[in-house]
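Listed below, chain by chain, are the residues.
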Amino acid sequence: MTVIGIISAKGGVGKTTISANLGIALVKALGKRVLVIDGNITTPTLGLQLGMLSQEKTLDDVLEDRDTLQDSTYIHPSGLHIVPASLSLRQPYPDPEKLKDKLVEVRDKYDFIIIDGAAGIGREVISVIEASDSVLVVSNPELSSVVAAIKAIKVSKSLNVPVIGLAINRVENKKYEMKAEDIKNLTESDIVSIIPFDKNIPAGVKQMEPAFLSKNSRSRRAFIELAEYVSGEEIPKQGFMQKLKSVFRH
Ligand code: ADP
Ligand code: MG
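Quick look at the structure, then. Remember, predicted model here, so these are calculated numbers, not experimental data.

1. Let's talk about the pattern of salt bridges
Consideration 1: Applying the stated criterion across every chain yields a total of 12 salt bridges.
Consideration 2: Of the charged contacts, one joins Lys-102 and Asp-65 as a salt bridge, the two residues approaching to 2.5 Å between their closest N and O atoms. Of the two residues, Lys-102 is situated in helix H4 (residues 99-103) and Asp-65 in the loop between helix H3 (59-63) and strand E3 (74-75); the sequence distance between them amounts to 37 residues.
Consideration 3: Look at Lys-102 and you get buried, because its relative accessible area is 18%.
Consideration 4: Residue Glu-225 is joined to Arg-221 by a salt bridge in which the shortest nitrogen-to-oxygen separation is 3.3 Å. Here Arg-221 and Glu-225 lie together in helix H9 (residues 220-231), a separation of 4 residues that amounts to about one turn.
Consideration 5: By relative accessible area, which is 39% here, Arg-221 ends up partly exposed.

2. Notes on the side chain of Ser-78
Consideration 1: Residue placement: Ser-78 occurs in the loop between E3 and strand E4 (81-83).
Consideration 2: A polar contact of 2.7 Å, which involves the side chain of Ser-78, links it to the side chain of His-76.
Consideration 3: Polar contacts involving the side chain of Ser-78 include one to the main-chain amide nitrogen of Leu-80, which spans 3.3 Å.
Consideration 4: Sequence-distant contacts of Ser-78, defined by excluding residues within four places in its chain, comprise Ile-24, Val-27, Lys-28 and Leu-213.

3. Some words on the side chain of Asn-169
Consideration 1: With respect to the element layout, Asn-169 can be found in strand E7 (residues 163-171).
Consideration 2: Polar side-chain contacts of Asn-169 include one of 2.9 Å to the backbone oxygen of Val-13.
Consideration 3: Each residue touching Asn-169, except ones within four places of it in the same chain, is listed here: Val-13, Gly-14, Ile-18, Val-138, Ser-139, Asn-140, Pro-141 and Ile-195.

4. What about the pairing of strand E5 (residues 112-116)?
Here is the key point about a regular strand: its side chains alternate between the two faces of the sheet.
Consideration 1: Within E5, 5 of the 5 residues are buried, which leaves the element mostly enclosed by the surrounding structure.
Consideration 2: Burial along E5 is two-sided: the residues Phe-112, Ile-114 and Asp-116 and Ile-113 and Ile-115 are all buried.
Consideration 3: Both strand E1 (residues 2-7) and E5 contribute to a ladder of 5 bridges, which runs parallel. Along E5, the bridge assignment pairs Gly-5 with Ile-115.

5. Some details on the environment of Ala-9
Consideration 1: Tracing the chain through its elements places Ala-9 in the loop between E1 and helix H1 (15-28).
Consideration 2: Note: C-alpha distance between Ala-9 and Ile-150 (141 residues apart in sequence) is 8.4 Å.
Consideration 3: Apart from residues lying up to four places away in sequence, Ala-9 is in contact with Ala-119, Gly-120, Ile-121, Ala-148, Lys-151 and Ala-152.

6. Side note on the nonpolar core
Grouped burial of nonpolar side chains is what soluble globular proteins tend to show.
Consideration 1: With 35 residues, the main nonpolar core has Ile-6, Ile-18, Leu-22, Leu-26, Val-34, Leu-80 and Leu-136 as its most contacted residues.
Consideration 2: At 7 residues, H1 tops the list of elements feeding residues into this core.
Consideration 3: If sequence neighbours within four positions are ignored, Val-34 has contacts with Gly-23, Leu-26, Val-27, Leu-80, His-81, Tyr-110, Phe-112 and Ile-114.
Consideration 4: Core analysis: the next-biggest nonpolar cluster, separate from the first, contains 34 residues, Ile-7, Leu-35, Leu-63 and Met-178 among them.

7. As for the packing of H1 against H9
Consideration 1: Viewed as axis vectors pointing N to C, H1 and H9 meet at an angle of 75°, and their least axial separation amounts to 9 Å. Comparing their axes, H9 and H1 come out roughly perpendicular. Only Phe-223, Ile-224, Leu-226, Ala-227, Val-230 and Ser-231 of H9 make contact with H1, whose side of the interface consists of Thr-17, Ile-18, Asn-21, Leu-22, Ala-25 and Leu-26.
Consideration 2: Class assignment for the residues of the contact of H1 with H9 results in 9 nonpolar, 3 polar and no charged.

Conventions we followed
- The written sequence of each chain sets the order in which its residues are numbered from 1.
- By the order in which they are written, chains take letters starting at A while ligands take numbers starting at 1.
- In keeping with the model being predicted, local features are shown solely for residues with a pLDDT of at least 70 and side-chain atom pairs are shown and tallied solely at 80 or more, while totals for entire chains, interfaces and linings include all residues.
- Side-chain metrics in this entry use all non-hydrogen atoms of the structure; hydrogen atoms and water are not considered.
- One side-chain nitrogen of Lys or Arg within 4 Å of one carboxyl oxygen of Asp or Glu is enough to make a salt bridge.
- Secondary structure elements follow DSSP: runs of H or I no shorter than four residues count as helices, runs of E no shorter than two count as strands, and numbering proceeds from the N terminus.
- Note on classification: 1.4 Å probe, protein chains only; a residue is buried when its accessible area is under 20% of the maximum for its type, exposed when over 50%, partly exposed between these limits.
- Think of a polar contact as two N or O atoms within 3.5 Å of one another; within protein, one of them needs to be a possible hydrogen donor and the other a possible acceptor, and neighboring residues in sequence only count if both atoms come from side chains.
- Contacts are assigned to residue pairs that have any heavy atoms within 4.5 Å of one another.
- Strands pair, by our definition, only if DSSP identifies at least two bridges between them.
- Side-chain atoms within 4.5 Å are what join buried Ala, Val, Leu, Ile, Met, Phe, Trp, Tyr and Cys residues into a set we call a nonpolar core.
- For helices, the fitted line uses only the C-alpha atoms of the stretch in contact; every axis is such a line through C-alpha atoms, and the angle between N-to-C directions lies from 0 to 180 degrees.
- Small angles under 35 degrees read as roughly parallel and large ones over 145 as roughly antiparallel, with 65 to 115 read as roughly perpendicular and the rest as oblique.
- In this count, Pro and Cys sit with the nonpolar residues alongside Ala, Val, Leu, Ile, Met, Phe, Trp and Tyr, while Asp, Glu, Lys and Arg are called charged and the others, Gly among them, polar.

The quantities given are spatial measurements derived from coordinates; they are silent on function.
Encoded structure:
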């Protein structure tokens, strides 16, 4: 089992989008057993992206020792397992540092646990990084989020948690966007995923159905390739000729 944290020091870059859609890609395209946890305890949106408006049990109950992680796990129609965080305003919020220990209970049940991180580099984010075996850093192709990515990379390295690489999200290939090569040089990290701007993503959030599940989604291929990359597996691609041959074989 591998725990992957999805992080950046900036909000709005696509951490939650990637957590949800990478999770579904791992389940649907690669047949993996995947749990996604909302590690953004103060401003959680993972449940919302996955169509869960209210949950009886959340990560907050787990961190406050009222319930087990298993008790707070919900199953999305895609087959993805989710632990949402509570949407209600709390004072104080539960201690995120317990997250790493809480994962022990479900280690054998999953191939991957993905943790959706908060913005910033505070305790909430540090707890996500510490609970992860490695982290995927998310950025958009613009300077302020690249700077935030560099911060996230530095914090992860200082905590001795390896960085898988960067996912550049919301790429439109516009002239004013930063080039992948420049982002790679600035961050001194590999770019492991380029996710295009896809109107199905905000539309999917509104309809509470992740973009990956809509077949004509522009970003679908990028999520499959990212799933292949993180799992080290490639899906055998059935080309047209192969398909034709298999038709005639019968
Ligand atoms: P974060 O978790 O980093 O704060 P979100 O995943 O919530 O960011 O995404 C922020 C907003 O950007 C959301 O409204 C989402 O729909 C939109 N978004 C994310 N990725 C893309 C994309 N590739 N194309 C278009 N819109 C996107
Ligand atoms: Mg988020």
